4 protein chains.
Amino acid sequence: MADLKYGDLNALFINTTLTKSPETSHTQTLIDMCGAIMEKQGVSVESFRAVDYTIAPGVQPNMRKAGWDDDAWPELWPKVKNADILVLAGPIWLGDNSSEMKKIIERLYAHSAQVGDDGLPVYYQKVGGALFTGNEDGLKHCAMNVLYSLGHIGYTIPPDADAGWLGEIGPGPSYGDKMDDGSHAGFERNFTNQNTTFLAWNLMHMAAILKQHPIPAHGNVPSAWEDGERFGFEPPQA
Amino acid sequence: MADLKYGDLNALFINTTLTKSPETSHTQTLIDMCGAIMEKQGVSVESFRAVDYTIAPGVQPNMRKAGWDDDAWPELWPKVKNADILVLAGPIWLGDNSSEMKKIIERLYAHSAQVGDDGLPVYYQKVGGALFTGNEDGLKHCAMNVLYSLGHIGYTIPPDADAGWLGEIGPGPSYGDKMDDGSHAGFERNFTNQNTTFLAWNLMHMAAILKQHPIPAHGNVPSAWEDGERFGFEPPQA
Amino acid sequence: MADLKYGDLNALFINTTLTKSPETSHTQTLIDMCGAIMEKQGVSVESFRAVDYTIAPGVQPNMRKAGWDDDAWPELWPKVKNADILVLAGPIWLGDNSSEMKKIIERLYAHSAQVGDDGLPVYYQKVGGALFTGNEDGLKHCAMNVLYSLGHIGYTIPPDADAGWLGEIGPGPSYGDKMDDGSHAGFERNFTNQNTTFLAWNLMHMAAILKQHPIPAHGNVPSAWEDGERFGFEPPQA
Amino acid sequence: MADLKYGDLNALFINTTLTKSPETSHTQTLIDMCGAIMEKQGVSVESFRAVDYTIAPGVQPNMRKAGWDDDAWPELWPKVKNADILVLAGPIWLGDNSSEMKKIIERLYAHSAQVGDDGLPVYYQKVGGALFTGNEDGLKHCAMNVLYSLGHIGYTIPPDADAGWLGEIGPGPSYGDKMDDGSHAGFERNFTNQNTTFLAWNLMHMAAILKQHPIPAHGNVPSAWEDGERFGFEPPQA
């Protein structure tokens with residue numbers, strides 16, 4: 001660990017709750033807990049709720065050019081581009097991701113063909129994770145979709161890259177709700193606290209590793225492939 | 001790339017086809033194409049078909065201790081343990097992973113609590129990927145489940161960690177089937193060839209990076225957490 | 001079939017494309033083809049694009065009461081309530097449903113606790129289906145989520161309740177795109193045409209069956225369970 | 001309800017636990033509770049554990065003809081063919097269905113092209129449901145896959161066709177485990193009991209409705225489509 005530096009890392013958490021500020025977002029509580037661990041290591045941490053902005057759905061970087069009157073994404077995009085660590089966080093509805101989560105993934109996808117100076121997609125050298133709160137079911141289902149989407153556009157996914165809280169099946173308290181005994185639902189759940197901590201650290205470790213040792217631009221450069229380079233590929237044999 | 005070494009890496013491909021040897025496995029053709037790229041860089045590549053062995057279902061390292069007469073997994077496990085790169089490959093049935101794929105994931109999961117000298121799970125410092133062939137649909141669905149499962153037990157997932165081939169929706173040829181014009185289904189599909197090549201390289205790059213710069217054992221060590229270390233975690237605030 | 005009547009059925013197709021009118025929606029072409037089969041039997045068919053309306057995300061019937069300035073859903077809801085057949089149709093992005101699809105499901109879910117005179121949820125006696133167009137992958141993944149969501153709120157799902165079109169893996173034409181030879185992508189795909197036809201008929205059959213023979217309100221009435229009726233349930237035995 | 005008869009219905013529960021008899025299967029406890037509700041109405045109820053039989057993986061009705069020494073499926077198949085109601089039940093591992101569940105679905109799929117005297121697939125006029133027990137997460141994820149698979153091969157899925165139990169996220173008791181206070185995990189969970197009861201009744205209702213009023217063989221008959229009948233289908237319009 002001695003040679004890894006966390007102080008120059010930037011982390012962004014996008015909260016895809018359906019609840020606008022200033023109403024309470026249970027997911028934000030978890031985000032803040034995770035972000036605080038990073039901040040102690042000097043990481044610059046930022047978060048926003050997607051639902052607080054007029055972000056258009058769609059798969060283009062600027063949807064104003066596609067018939068939408070408003071689109072806050074172009075103003076939010078620099079936060080994503082600047083972040084070494086991106087954590088997509090959200091609630092769970094009917095066992096699946098929120099519509100806001102899917103909208104954010106659409107907008108991230110819109111930039112997946114953009115490349116850096118090395119010819120690699122802009123998301124390469126970045127790491128991704130996921131956080132969820134729900135009252136009963138669906139964390140792994142939501143996480144596998146979110147982490148896959150991030151990986152598909154260029155993020156590296158470190159081990160144990162998801163965490164969160166779920167209560168017993170059926171109606172019940174949401175994460176952080178005050179219980180009759182004065183406690184808060186989920187706050188003392190060892191599993192949730194451990195996984196969120198490990199997530200924070202694995203994201204920092206991997207981001208710092210990639211800062212120091214980026215994924216080489218060889219064998220994975222779209223423009224080079226288009227130009228005919230094959231990097232050792234040979235047609236399959238029947 | 002100059003300082004990354006691929007020659008001491010080991011890669012294992014597990015083919016979860018439902019077709020026993022020596023019958024043709026379409027997925028194996030893709031595996032061989034991907035593995036050949038790695039071998040050119042000096043990587044030691046091995047593969048086996050799960051269905052060729054009597055592997056019991058279950059979530060324990062040795063199912064003979066749980067009432068099964070036969071279980072080939074304990075003999076296969078050293079291959080997994082020794083591999084820096086693990087690629088789970090398979091067919092797609094009803095849009096989902098094969099039962100053999102799920103069985104392999106169950107058996108991998110059985111070892112997820114085993115740790116190395118550094119206290120990290122045995123799968124840390126390893127990288128994972130996925131390959132699929134199907135005739136019409138389901139690659140991303142299968143990949144998100146496989147890659148999530150690998151990440152959940154400790155693998156790092158590099159960018160663009162899945163590849164494969166699918167034909168147009170509905171009945172049709174499988175990957176590699178000989179067509180009327182003498183060509184083989186999917187062999188000239190640029191998308192499949194590019195993605196498989198990029199997958200091979202990203203797996204090699206990430207495995208080599210982790211060889212040189214392993215994920216530190218700090219903030220993510222189960223036994224330390226059990227012993228009360230908290231790595232900066234503080235209880236959430238209501 | 002002699003005694004089943006289709007002429008008094010209402011069908012609603014909700015198109016969750018990300019493309020606003022009057023731009024072309026590939027999914028709409030499929031909807032129109034499916035709806036035309038129903039209209040020939042006298043079914044009243046209607047469709048709308050979600051994205052043409054300012055529908056707020058959220059899980060309440062009227063999001064204006066939850067801090068949103070605009071929400072077209074309360075005006076659209078009567079169409080859903082009136083429809084015996086609901087088909088959710090949409091595109092596929094990154095292998096998953098569009099954000100508009102998830103938003104529609106959230107809004108449908110908001111009404112799931114509403115009951116009719118018989119005490120059954122308002123969606124009972126209705127039937128649901130799904131249609132998708134994508135250029136390469138993901139139909140079954142999207143369909144299983146949509147059909148499950150519909151079933152979870154009270155719809156009956158007849159056999160073979162999904163259909164659509166996907167091209168070969170990788171970039172390629174969308175459904176209906178004009179090809180170099182003057183044909184339109186997917187229009188002659190037998191599998192797509194057959195499945196869409198069977199979907200139309202199975203939805204009509206099942207809706208007509210439920211018109212004639214509704215699901216009885218016994219053993220499945222939430223308020224009765226709350227009042228202590230148990231319908232033969234006895235606590236499980238250890 | 002007056003005119004619906006349940007006494008001549010047959011129900012089959014297939015338990016896809018990874019635990020062989022006579023060891024305890026938590027899922028079986030839930031199956032028994034659900035089946036008992038049906039038996040009170042005169043339904044003939046049967047269940048078996050897949051893992052107790054040597055069922056080969058694969059997508060053919062008899063895998064002995066495909067290189068497997070043993071295959072118990074041909075002997076089990078009549079139970080499925082005879083059942084008006086099929087409930088697939090199982091555990092949850094890494095948030096997904098067990099390998100035994102996937103194997104059963106593969107074997108069911110193998111018969112999907114078989115048709116009855118009316119030309120409809122053998123699974124038409126049958127209804128399907130799903131039951132799961134897990135200690136923390138994944139019921140909806142598993143259910144959406146199972147119910148979709150059943151629908152895809154011909155089963156009708158009534159409303160609210162899944163039920164089960166999940167505990168709070170993280171390690172914890174399995175369904176039915178004896179707790180320190182002498183109670184059994186999940187047994188008093190109102191949500192689980194209600195949903196399992198409603199599932200039992202909706203399956204009985206729908207099976208009885210289809211007995212009395214089968215899905216007509218019109219617009220959905222594969223051989224008729226092959227013979228050129230189009231049932232009102234007209235090619236899509238660009």
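On a predicted model such as this, the values are computed, not experimentally measured, just so you know.

## Some thoughts on the overall build of chain A
Move 1: When you go through chain A residue by residue, the secondary structure sums to 6 helices and 6 strands.
Move 2: Shown N-terminal to C-terminal, the secondary structure of chain A runs as helices and strands in the order β-α-β-α-β-β-α-β-α-β-α-α.
Move 3: Radius of gyration (C-alpha) of chain A: 19 Å, near the 18 Å computed for a compact globule of 238 residues.
Move 4: Dimensions along the principal axes, computed over C-alpha positions, put chain A at roughly 65 × 50 × 45 Å.
Move 5: Intrachain contacts of chain A at a sequence separation of at least 6 include 74% that bridge at least 24 residues.

## What about the relation of the copies chain A and chain B?
Move 1: Mapping chain A onto chain B leaves a residual RMSD of 0.0 Å; the transformation is a rotation of 180° accompanied by 0.0 Å of translation along its axis. Considering both components of the superposition, the chain copies are consistent with a two-fold axis. Minimal C-alpha separation from the rotation axis in chain A is found for I157 of chain A, amounting to 2.5 Å.
Move 2: Comparing contact sets, 100% of the residues at the interface of chain A also lie at the interface in chain B, consistent with an isologous, same-surface contact.

## Let's talk about the interface of chain A and chain B
Move 1: The partner chain B presents 54 residues to the 54 residues of chain A that form the contact.
Move 2: Mapped by element, the contributors of at least two residues to the side of chain A that touches chain B are α1 (26–39), α4 (139–153) and α5 (190–212) of chain A.
Move 3: Here the element with the most residues in the side of chain A that touches chain B is α5 of chain A; it accounts for 10 residues.
Move 4: The residue inventory of the side of chain A that touches chain B, partitioned by class, reads 29 nonpolar, 20 polar and 5 charged.

## Some remarks on the interface of chain D and chain C
Reports of interface size often rely on the accessible area that becomes lost once the parts have come together.
Move 1: Facing the 54 residues of chain D at the interface are 54 residues of chain C.
Move 2: Ranked by the residues each element gives to the side of chain D that touches chain C, the list is headed by helix α5 (residues 190–212) of chain D, at 10 residues.
Move 3: Within the side of chain D that touches chain C, the residues separate by chemical class into 29 nonpolar, 20 polar and 5 charged.

## Here's the deal with the packing of helix α1 (residues 26–40) of chain D against α5 of chain D
Each pair of packed helices can be described by the angle between their axes along with the distance between the axes.
All names here are of chain D.
Move 1: Where α1 meets α5, the closest approach of the two axes is 9 Å, and the angle between their N-to-C directions is 45°. In terms of axis orientation, α1 runs oblique to α5. Between α1 and α5 lies a crossing of right-handed hand. Here L30, M33, C34, I37 and M38 of α1 come into contact with α5, specifically with T196, T197, L199, A200 and M204.

## Looking at helix α3 (residues 99–109) of chain D
Residues spaced three or four apart along an α-helix point in a common direction, a consequence of the helix completing one turn every 3.6 residues.
Move 1: Of all 11 residues that make up α3 of chain D, 10 are buried, and the element is covered over most of its length.
Move 2: Turning to α3 of chain D, its buried residues number three or more, namely S99, E100, M101, K102, K103, I104, I105, E106, R107 and L108 of chain D.

## A word on the pairing of strand β3 (residues 85–93) of chain B
Residue and element names in this part refer to chain B.
Move 1: β3 sits mainly inside the fold: 9 of its 9 residues count as buried.
Move 2: Pairing geometry for β3 and strand β5 (residues 127–134), over 7 bridges, is parallel. Directly across from P91, in β5, lies its bridge partner T133.
Move 3: Where β3 lies against strand β4 (residues 96–97), 2 bridges are found, and the strand directions are antiparallel. Following the sheet pairing, W93 is matched in β4 by D96.
Move 4: In this structure, the hairpin formed by β3 and β4 is closed by a connection of 2 residues, where L94 is found at a positive phi of approximately 50°.

## Notes on the pairing of strand β1 (residues 10–15) of chain A
Residue and element names in this part refer to chain A.
Move 1: Buried residues dominate β1, accounting for 5 of its 6 residues.
Move 2: Examined bridge by bridge, β1 and strand β2 (residues 44–49) share 6 bridges and lie parallel to one another. Among the inter-strand pairings, N10 is bridged to a residue of β2, identified as S44.
Move 3: Taken together, β1, α1 and β2 constitute a β-α-β crossover, and its handedness is right-handed.
Move 4: For β1 and strand β3 (residues 85–93), the ladder comprises 5 bridges, and the chain directions are parallel. Counterpart to I14 in the pairing with β3 is L88.

Definitions and cut-offs
- Residues numbered from 1 in each chain as written.
- Chains lettered and ligands numbered in written order.
- Predicted model: local features only at pLDDT ≥ 70, side-chain atom pairs only at ≥ 80, totals over all residues.
- Helix = DSSP H or I, 4+ residues; strand = E, 2+ residues; numbered from the N terminus.
- Rg over C-alpha atoms; globule rule 2.2 N^0.38 Å.
- Contact = placed C-beta atoms within 7 Å.
- Least-squares fit on C-alpha atoms with pLDDT ≥ 70 in both.
- Nonpolar A, V, L, I, M, F, W, Y, C, P; charged D, E, K, R; others polar.
- Axes fitted to C-alpha atoms, helices over the stretch in contact; angles between N-to-C directions.
- Parallel < 35°, antiparallel > 145°, perpendicular 65-115°, else oblique.
- Left-handed = near helix turned anticlockwise from the far one by under 90°.
- Buried ≥ 20, exposed ≤ 12 C-beta atoms within 10 Å, placed from the backbone.
- Pairing = 2+ DSSP bridges.
- Right-handed = clockwise from strand over helix to strand, strands pointing away.

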